[in-house]
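Read off the chains here:
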Amino acid sequence: MCGIIGYIGDRDVSEVVIEGLTRLEYRGYDSAGVAILNDNGIDIRKRPGKLNILKADLKKNPIKGHIGLGHTRWATHGIPNEQNAHPHTDCKKNIVLVHNGIIENYQMLKDGLTKRGHAFRSQTDTEVIAHLIEENYKGNLEEAVRISVKELKGAYAIAVLHKDEPDKIVAARCESPLIVGIGQSEYFVASDIPAILKYTNKVIFINNYEIVSIDKKGVRVIDYSNQPIKKKAVCVDWDITQAEKGGYDHFMLKEIHEQPDLISNILNTRVRGNRIHFDELRIKDTILKKIDKIFIVACGTAYHAGLNGKYMIEWLAQVPTLVDTSSEFRYRNPIVGKNTLVVVISQSGETADTLAALRESKKKGAKVLGVVNVLGSSISREADGVIYTHAGPEIAVASTKAYTAQLAILYLFSLYLAGLREKRTPYKIAGYLKELKKAPGHIKKMLEQYGDAKKSDLKHKARIFNREYHKRLKDYYQRDSEGRKRAPNCCFLFLGRNVNYPSALEGALKLKEISYISAEGYPAGEMKHGPIALIDENPWTICIVPESSLHEKMISNIMEIKSRGGIVVAIATEGDEEIRKVGVDYIIDIPRIEQTLTPFLVAIPLQLLAYFVAREFGEDIDQPRNLAKSVTVE
Ligand code: F6R
């Protein structure tokens, strides 16, 4: 979950590495560091805290050179201080190394290395790699790395420099992402594409158990048994503007605003005439026709999109569908066979648990389809088939545009299956597509109404909540009418039914991850089975109540909350008179759309509400504490 970068070329390496780390900071931001090789030897600069601290430091005291490494850390072993920040070195400081991943057998290796006289400076697992390479170095860095990585257990992408081989970077990969960027007489290694996009879009994807050496002359890839491997470079169609804020205050806000165009693009490229095309889907129609069960497996926001997918697939294609979080699925021996389709959903395509679930499913003989955003990521390569969401780079840690892109792909996939399995006629499918094509326009309209950080009505609501919240916290323990001491429930409850139950979960997740306010999502029908105990005048309940066949049931839930003094924010279809009669406190209107498509529209105010609350609270929206964008460790 850290970000690594290495560069060799004619540019000022410090600039390239800092630019790369800026793009990789979403992967972790506990500390940052660089190592630059020049005539003075290896110069290392590292600082705890966000990259800006290191940036400022390098501005004051620049380090010059044309070859170097950089790292942005999400701490696993050892607190986020300077000692534990990468790059790490061997005893003599001849070797310098950056690492993303976890070395599971590091303690055993460390004990052995210590006995053999190596002195450690940090508490990290990473440092053992530098010392191992030191032991195995006999004048050839590539060979020393090759021998050393064979001793490692766990996950790693590493990049290494040796003082005596000043024109070379050696990198290796096992389970953590690694790419090589190819420029004009310059080469890069990095954890992810955005890190190098400013300079090149020509990329080689490095696989597990491969070692790559870059020098000014080119790229050489070998496997762990020293066999050369031929690799093909691909040109990625992302461009650097997609990885910039483009005038928005935060990436999250920018990415929220990208959603209408993004969904339009998905529809334009996937739907030709009234036929749905998944050109990169490598699983044959004959197989898709035969499947008798679908498992959708994912984490976090992607899991919520998957829950929505269950409703869509069962309703449209009528295939029994189960949904599981990857971390549970992988360890519980699920009943998966050769007629099961496992759909793994992942923005990054690198989430460790989801990747493990994919492998487990393949072992059991199932076909695996990846719904993935990042081109060439591990999941996209290991799955039997893939459907790219083509959402462009998502930089904010809180996922927004990847979520609605996943919803769009799952909806289209449900229709595709429905057609294939003759559960819906082409005429009906054309009707559903026509309705889906309305979504981008409606989202655009909502963004005009709610998405402007200067005048949004949601910002006003967030401000009220902020004021109430702090008022409650000031006299932390209140006394109730009988004089008993009570802690206030300054939290949010999100309630929805059917396709908007996953929306409720996603709304709660968005809020808690960026504002740190406790928030729970529930199917509204479950309220009476527990959460109703929370209701008093304190928590705000967000009720997702668009026009639907379950509208009346939601109204009853709202009445139950109101009669207990709760504060209700209703997300309702414009012109809904009934909701106005039940006395909710605030109404957020959404445009009218067919009920199964309401999650596309509901997502917008939920994302914006979370955004504005976090903004009111002054939180670091794009980089919330303790989180990282790409969870490549268990
Ligand atoms: C929430 C969020 C996370 C991710 C989860 C899965 O805003 O971003 O919950 O959705 O870590 O990540 P991917 O989709 O990359 O597998």
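The structure this text deals with has already been given above.
Our subject in this report is the structure included herewith. (Residues numbered from 1 in each chain as written. Predicted model: local features only at pLDDT ≥ 70, side-chain atom pairs only at ≥ 80, totals over all residues. Heavy atoms only, no water.)

Attention now goes to the overall build of the protein chain. A tally of regular secondary structure across the protein chain gives 20 helices and 28 strands. Taking 2.2 N^0.38 as the reference for a compact globule, 634 residues should give roughly 26 Å; the C-alpha atoms of the protein chain span a radius of gyration of 26 Å, in line with that estimate. Considering only C-alpha atoms, the protein chain reaches an extent of 80 × 65 × 45 Å along its principal axes. Buried residues in the protein chain amount to 62% of all 634 residues. Restricting the contact set of the protein chain to residue pairs at least 6 apart, pairs at least 24 apart contribute 71%. A total of about 24,700 Å² of accessible surface is found on the protein chain, and carbon and sulfur atoms cover 49% of it. Taken as two groups, the 89 positive and 79 negative side-chain charges of the protein chain have centres that lie 2 Å from each other. (Helix = DSSP H or I, 4+ residues; strand = E, 2+ residues; numbered from the N terminus. Rg over C-alpha atoms; globule rule 2.2 N^0.38 Å. Buried < 20%, exposed > 50% of the residue type's maximum accessible area, 1.4 Å probe, protein only. Contact = heavy atoms within 4.5 Å. Areas by Shrake-Rupley, 256 points an atom, 1.4 Å probe, with all protein chains shown as cover. Lys, Arg positive; Asp, Glu negative; His and termini not counted. Charge placed at Lys NZ, Arg CZ, Asp CG, Glu CD.)

The subject of this paragraph is unusual backbone geometry. Cis geometry marks the peptide bond from His-86 to Pro-87, where omega comes out at 0 degrees. With respect to the secondary-structure elements, Pro-87 resides in the loop between strand E4 (67-73) and strand E5 (88-89). Phi at Asn-226 is positive, roughly 75 degrees, even though this residue is not glycine. One can find Asn-226 in the loop between strand E13 (218-223) and strand E14 (234-235). Positive phi values are uncommon outside glycine, yet Gln-318 reaches one of about 55 degrees. Among the structural elements, Gln-318 can be located in the loop between helix H9 (300-317) and strand E18 (321-325).

The next thing to look at is the packing of helix H4 (residues 127-136) against helix H5 (residues 141-149). Geometrically, a packed helix pair is captured by the angle between its two axes and the distance between the axes. Where H4 meets H5, the closest approach of the two axes is 8 Å, and the angle between their N-to-C directions is 120 degrees. In terms of orientation, H4 and H5 fall into the oblique class. For the pair H4 and H5, the crossing hand works out as right-handed. On H5, the residues that touch Leu-132, Ile-133 and Asn-136 of H4 are Leu-141, Ala-144, Val-145, Ile-147 and Ser-148. Looking at the contact of H4 with H5 residue by residue, the classes come out as six nonpolar, two polar and no charged. (Axes fitted to C-alpha atoms, helices over the stretch in contact; angles between N-to-C directions. Parallel < 35°, antiparallel > 145°, perpendicular 65-115°, else oblique. Left-handed = near helix turned anticlockwise from the far one by under 90°. Nonpolar A, V, L, I, M, F, W, Y, C, P; charged D, E, K, R; others polar.)

Before going further, it helps to spend a moment on the sheet that holds strand E25 (residues 519-523). Within a sheet, each strand pairs with its neighbour through backbone hydrogen bonds, oriented either parallel or antiparallel. Spatially, five strands are ordered E25-E24-E26-E27-E28 in an open sheet, and the strand pairing comes out parallel. The open sheet has two free edges, formed respectively by E25 and strand E28 (586-590), since each of these has just one partner strand. Taking each pair of neighbouring strands and ignoring which way they run, the sheet shows an average axis angle of 20 degrees. Here five bridges tie strand E27 (residues 567-573) to E28, and the two strands are oriented parallel to one another. (Pairing = 2+ DSSP bridges.)

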